[in-house]
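Tertiary structure, described
Next come the chains, spelled out residue by residue.
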Amino acid sequence: MDLLLFRHGIAQDRSAEVDDSDRPLTPRGIERTRLAAVGLARIAERPELVLSSPKTRAVQTAHIVGQVFEREPEVWTELADDTIDPLMHRLRDRGEDSVMLIGHEPTLTSLITRLCFRNVAGGAALGSIELKKAGAALIEAGIGQYEPRRAGCLRWLIPPRALRALGEVQVPV
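In what follows, the accompanying structure is described. Since the structure is predicted, the reported quantities are computational estimates derived from the model, not experimental observations.

Scoring rules and cut-offs
- Residues numbered from 1 in each chain as written.
- Predicted model: local features only at pLDDT ≥ 70, side-chain atom pairs only at ≥ 80, totals over all residues.
- Heavy atoms only, no water.
- Helix = DSSP H or I, 4+ residues; strand = E, 2+ residues; numbered from the N terminus.
- Areas by Shrake-Rupley, 256 points an atom, 1.4 Å probe, with all protein chains shown as cover.
- Core = buried A, V, L, I, M, F, W, Y, C linked by side-chain atoms within 4.5 Å.
- Buried < 20%, exposed > 50% of the residue type's maximum accessible area, 1.4 Å probe, protein only.
- Contact = heavy atoms within 4.5 Å.
- Axes fitted to C-alpha atoms, helices over the stretch in contact; angles between N-to-C directions.
- Parallel < 35°, antiparallel > 145°, perpendicular 65-115°, else oblique.
- Nonpolar A, V, L, I, M, F, W, Y, C, P; charged D, E, K, R; others polar.
- Salt bridge = Lys/Arg side-chain N within 4 Å of Asp/Glu carboxyl O.

**Let's talk about the overall build of the protein chain**
Counting its secondary structure elements, the protein chain contains five helices and six strands. Ordered by position in the sequence, the α and β elements of the protein chain form the string β-α-β-α-β-α-β-α-β-β-α. Counting only carbon and sulfur atoms, one obtains 49% of the accessible surface of the protein chain, whose full area is about 9,000 Å².

What follows is the structure in structure tokens.
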């Protein structure tokens, strides 16, 4: 299973007035997320399934990405958790070859670390990464309904600035 990870866009700052799960994308976040999604669509295959955290900023991001990839997002509460075990178990039950996950930190980098950077014995992580807001990563994951468990491979990690630049490129018709 290929996992295409996309971190939510720039959201409203944390405040006492708004619960963290209700923080929306800012107007700048919406604009930059749309450009990043367009750029991502130029280099990534269309996923069979788009999954989103239930938090407002992730759902808004998922709708933007879903429009670009022509996929209706599905909300999974496991993408809002800080622990990735429930997410891993649920993904193993899926039959799709490509799934896009839209979520948060530290969940997304924990998933990358678990799948790609742990040694076979399950020891400490061998490295770390940073997935910025509206950035993306592609993992060839060793999980899935018909696959034995194996180590995953981080195919690429692209910062939002590069995705936005791809989104701004005018393609000749």
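Still more ground to cover, so stick around.
**With respect to the nonpolar core**
Counting 23 residues, the largest nonpolar core has Leu-3, Leu-5, Leu-91, Leu-101, Leu-111 and Leu-115 as the members making the most contacts within it. Of all elements in the fold, only β1 (2–7), β2 (49–52), α3 (85–92), β4 (98–103), α4 (107–116) and β5 (136–142) reach the threshold of two or more residues within this core. When residues in this core are grouped by element, the largest group, five residues, is from α4. The residues touching Leu-111, leaving out its near neighbours within four places in the chain, are Leu-3, Leu-5, Ile-84, Leu-87, Met-88 and Leu-101. Listed in part, the 20 residues of the second largest apolar core include Leu-4, Val-65, Ile-102 and Leu-163.

**Remarks on unusual backbone geometry**
The omega torsion of the bond from Glu-105 to Pro-106 falls at 10°, within 30 degrees of zero and hence cis. Secondary-structure assignment places Pro-106 in the loop between β4 and α4. At Glu-70, a residue that is not glycine, the phi angle is positive and equals roughly 55°. Along the chain, Glu-70 turns up in the loop between α2 (56–69) and β3 (74–75). According to the relative accessible area criterion, Glu-70 is exposed, its value standing at 59%. Despite not being glycine, Ala-134 has its phi angle at roughly 65°, a positive value.

**Describing the packing of helix α1 (residues 27–43) against helix α5 (residues 160–168)**
Put simply, α1 and α5 touch, their axes get as near as 6 Å, and they point 80° apart. Considered as vectors, α1 and α5 are oriented roughly perpendicular to each other. Listed contacts from α5 to Arg-32, Leu-35, Ala-36, Val-38, Gly-39, Leu-40, Arg-42 and Ile-43 of α1 are Leu-163, Arg-164, Leu-166, Gly-167 and Glu-168. Residue classes in the contact of α1 with α5 are distributed as seven nonpolar, two polar and four charged.

**Here's the deal with the environment of Thr-107**
On the secondary structure map, Thr-107 appears in helix α4. Take Thr-107: its relative accessible area is 2%, and that puts it in the buried class. Along the backbone, Thr-107 and Arg-7 are 100 residues apart, and their C-alpha atoms lie at a distance of 9.8 Å. Setting aside anything within four residues of it in sequence, one finds Thr-107 in contact with Leu-79, Asp-81, Asp-82 and Ile-84.

**Some points on α4**
In terms of residue burial, α4 counts as a mostly covered element, since eight of its ten residues are buried. For α4, the complete set of buried residues consists of Thr-107, Leu-108, Thr-109, Leu-111, Ile-112, Thr-113, Leu-115 and Cys-116.

**Some details on the pattern of salt bridges**
A side chain of one charge can pair with a side chain of the opposite charge if their charged atoms are brought near each other. Using the criterion set out here, one finds ten salt bridges in the structure. Residues Asp-20 and Lys-55 are paired through a salt bridge, measuring 3.5 Å at the closest nitrogen-oxygen approach. Here Lys-55 lies in the loop between β2 and α2 and Asp-20 lies in the loop between β1 and α1, a separation of 35 residues in the sequence. We classify Asp-20 as partly exposed; its relative accessible area is 22%. We classify Lys-55 as buried; its relative accessible area is 17%. Here Glu-140 ties to Arg-155 by a salt bridge, and the two come within 2.7 Å at their closest N and O atoms. With Glu-140 in strand β5 and Arg-155 in strand β6 (residues 150–158), the pair connects residues that are 15 residues apart, well separated along the chain. Here the salt bridges do not stand alone but share partners, grouping Arg-14, Asp-20, Arg-23, Lys-55 and Arg-57 into one network.

All we've got here are geometric facts, nothing functional implied.
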